[in-house]
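This is what each chain is made of:
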Amino acid sequence: MLLPFTEAGRGRPVVLLHARPTDRTMWDAHLPPLAEAGVRAIALDLPGHGDAVVPDRREVAPWSDVLDTLDHLWADRFLLAGNSLGALVALQAAVTAPERVEGLVLVGYRPHDQPASSRLDAAWEAERKALAVGDLDAAVKAGVEAWTSAGATEEVRTHAARMLHRQLTEQLTHGEPPQAADPLGTGPAALRTLKGVPALVSVGEHDMPDFHEGGAGLARELDAGRTTVIPAAGHLAPLEQPAAFCALLLDFVRRLPPYSSPAHG
């Protein structure tokens, strides 16, 4: 499926992939400064989020949808930047089409086979209990508390709540769509094929220990050096600290080889 998108600017395509409880509007504050800095910023809704409605029981392969959408947008080569679910999909797309990926910026990553901390288990359980009794407002409140830091502004919390409410409503209406086979497989072998791809791994200062640990492991697998900590941020670090994230991203972009726009006949 072609994914809904918002884009701004011209230059090297930088693809922004959102976290699970959000949608492409989490990047609204990032698009103008990225465009002004000379990149083509493209924010996508992943299947089942935002405007990317998935018909009941349709199997989804978000990484393939991302690549197909970028084909549609004439983005042959690009940098992938993802938060949480977006980081996972970025990796899945990268191992599927490594020749197209110029770099990876990954925030708040945790492999699925990593045992969950008590804090993460409690967050999941609070959402499950609320949804089981049909209390959508309580599920949204639990999600906002789990995925943003205690110091998040009211504006950030309101935006997060709005996105989470929409995503959970979609989930309750259509259910969780079945996933196609994960191109990352069940071990680190697929990730090791990406060692030649420039990568930066980051985590919010106040994120759960799961994502600090997961990020450190990912950085080792990708030979990406130490994880970069985004100060005063939780799991949705780019949403809470857009200026800091844009600065991090643009510094990474400037260290890549010069970009030459492909010609299309």
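What this report covers is the structure whose coordinates are included nearby. (Residues numbered from 1 in each chain as written. Predicted model: local features only at pLDDT ≥ 70, side-chain atom pairs only at ≥ 80, totals over all residues. Heavy atoms only, no water.)

## As for the environment of H72
Then comes step 1: Among the secondary structure elements, H72 is positioned in helix α2 (residues 62-72).
Then comes step 2: For H72 and L3, which are 69 residues apart along the polypeptide, the C-alpha to C-alpha distance reads 9.8 Å. (Helix = DSSP H or I, 4+ residues; strand = E, 2+ residues; numbered from the N terminus.)

## Considering the pattern of salt bridges
Then comes step 1: Within the structure shown, the criterion is met by twelve salt bridges.
Then comes step 2: Put simply, R24 and D51 hold a salt bridge, and the shortest N to O gap is 3.1 Å. One end of the pair, R24, is in the loop between β2 (12-17) and α1 (31-36); the other, D51, is in the loop between β3 (39-44) and α2, and 27 residues separate them in sequence.
Then comes step 3: E221 is paired through a salt bridge with R192; the nearest N and O atoms lie 3.0 Å apart. Of the two residues, E221 sits in helix α8 (residues 209-222) while R192 sits in helix α7 (residues 189-192), which places them 29 residues apart along the sequence.
Then comes step 4: For R192, a relative accessible area of 44% gives the class partly exposed.
Then comes step 5: By sharing partners, the salt bridges in this structure join R24, D45, D51 and R166 into a single network. (Salt bridge = Lys/Arg side-chain N within 4 Å of Asp/Glu carboxyl O. Buried < 20%, exposed > 50% of the residue type's maximum accessible area, 1.4 Å probe, protein only.)

## Thoughts on the layout of surface pockets
Then comes step 1: As a volume, the largest pocket reaches approximately 990 Å³.
Then comes step 2: Along the walls of the largest pocket sit 39 residues, with R20, L85, L88, H112 and E176 positioned nearest its centre.
Then comes step 3: When residues of the lining of the largest pocket are traced back to their parent elements, those giving at least two are α2, α3 (85-96), α4 (118-132) and α6 (154-174).
Then comes step 4: Residues belonging to the lining of the largest pocket are distributed by class as follows: 18 nonpolar, twelve polar and nine charged.
Then comes step 5: In this structure, the second largest pocket encloses a volume near 450 Å³. (1 Å grid on protein atoms, 1.4 Å probe; cavity = no way out; pocket = protein on both sides within 12 Å on 5 of 7 lines; lining within 4 Å. Points joined across faces, edges and corners; volume = space filled by probe spheres on them. Nonpolar A, V, L, I, M, F, W, Y, C, P; charged D, E, K, R; others polar.)

## Let's talk about helix α5 (residues 136-147)
Then comes step 1: Counted at 1.5 Å a residue, the expected span for α5 with its twelve residues is 16 Å, and the 16 Å between its end C-alpha atoms agrees.
Then comes step 2: Inspection of α5 places L136, A139, V140, A142, G143, V144, A146 and W147 among the buried residues, and these make up the whole buried set.
Then comes step 3: Here the buried face of α5 lies against α4, α6, α8 and α9 (237-240). (Expected span 1.5 Å × (residues − 1). Contact = heavy atoms within 4.5 Å.)

## Observations concerning the nonpolar core
Then comes step 1: Counting residues in each nonpolar core, the largest one holds 47 residues, and the members touching the most others are L16, L34, L79, V105, F245 and L249.
Then comes step 2: For this core, the leading source of residues is helix α10 (residues 242-254), giving seven residues.
Then comes step 3: Contact partners of L249, with chain neighbours within four places excluded, come to V14, L16, L34, L79, A81 and V105.
Then comes step 4: Counting 41 residues, the second-largest nonpolar core is a separate cluster that includes A75, L91, A93 and L222. (Core = buried A, V, L, I, M, F, W, Y, C linked by side-chain atoms within 4.5 Å.)

## Looking at the packing of aromatic side chains
Then comes step 1: Following the criterion strictly, the structure yields one aromatic pair and no others.
Then comes step 2: Residues W27 and F245 carry aromatic rings whose centres are separated by 5.7 Å and whose planes lie at 40° to one another, so their mutual orientation is tilted. With a gap of 218 residues between them, W27 in the loop between β2 and α1 and F245 in helix α10 connect regions that are remote in the sequence.
Then comes step 3: For W27, a relative accessible area of 0% gives the class buried. (Phe/Tyr/Trp six-rings, centres within 6.5 Å; stacked < 30°, edge-to-face > 60°.)

## Structural notes on empty space enclosed by the protein
Then comes step 1: Enumeration according to the criterion identifies one cavity of 30 Å³ or more in this entry.
Then comes step 2: For the largest cavity, the calculated volume is near 40 Å³.
Then comes step 3: Lining the largest cavity are P21, T22, G143, V144, W147, T148, A160, L164 and L236.
Then comes step 4: Of all the secondary structure elements, the ones that give two or more residues to the lining of the largest cavity are α5 and α6.
Then comes step 5: In terms of residues, the lining of the largest cavity owes the most to one element, α5, which gives three residues.
Then comes step 6: Here the residues of the lining of the largest cavity are counted per class, giving six nonpolar, three polar and no charged.

## Points about the sheet that holds strand β4 (residues 78-83)
Then comes step 1: Reading across from one edge, β1-β3-β2-β4-β5-β6-β7 is the order of the seven strands in this open sheet, with mixed pairing throughout. Since the sheet does not close on itself, it has two edges, and those belong to β1 (5-8) and β7 (228-230), each with one partner. Ignoring which end each strand starts from, the neighbouring axes of this sheet average 20° apart.
Then comes step 2: Bridge count between β2 and β3: six bridges; the pairing is parallel. Across the sheet, residue R12 finds its bridge partner in β3, namely V39.
Then comes step 3: The sheet contacts of α8 involve β5 (101-107) and β6 (199-204), and relative to β6 the element is tilted by about 170°.
Then comes step 4: Taken strand by strand, α10 contacts β2, β3, β4, β5, β6 and β7, and its axis lies near 155° from that of β5. (Pairing = 2+ DSSP bridges. Axes fitted to C-alpha atoms, helices over the stretch in contact; angles between N-to-C directions.)

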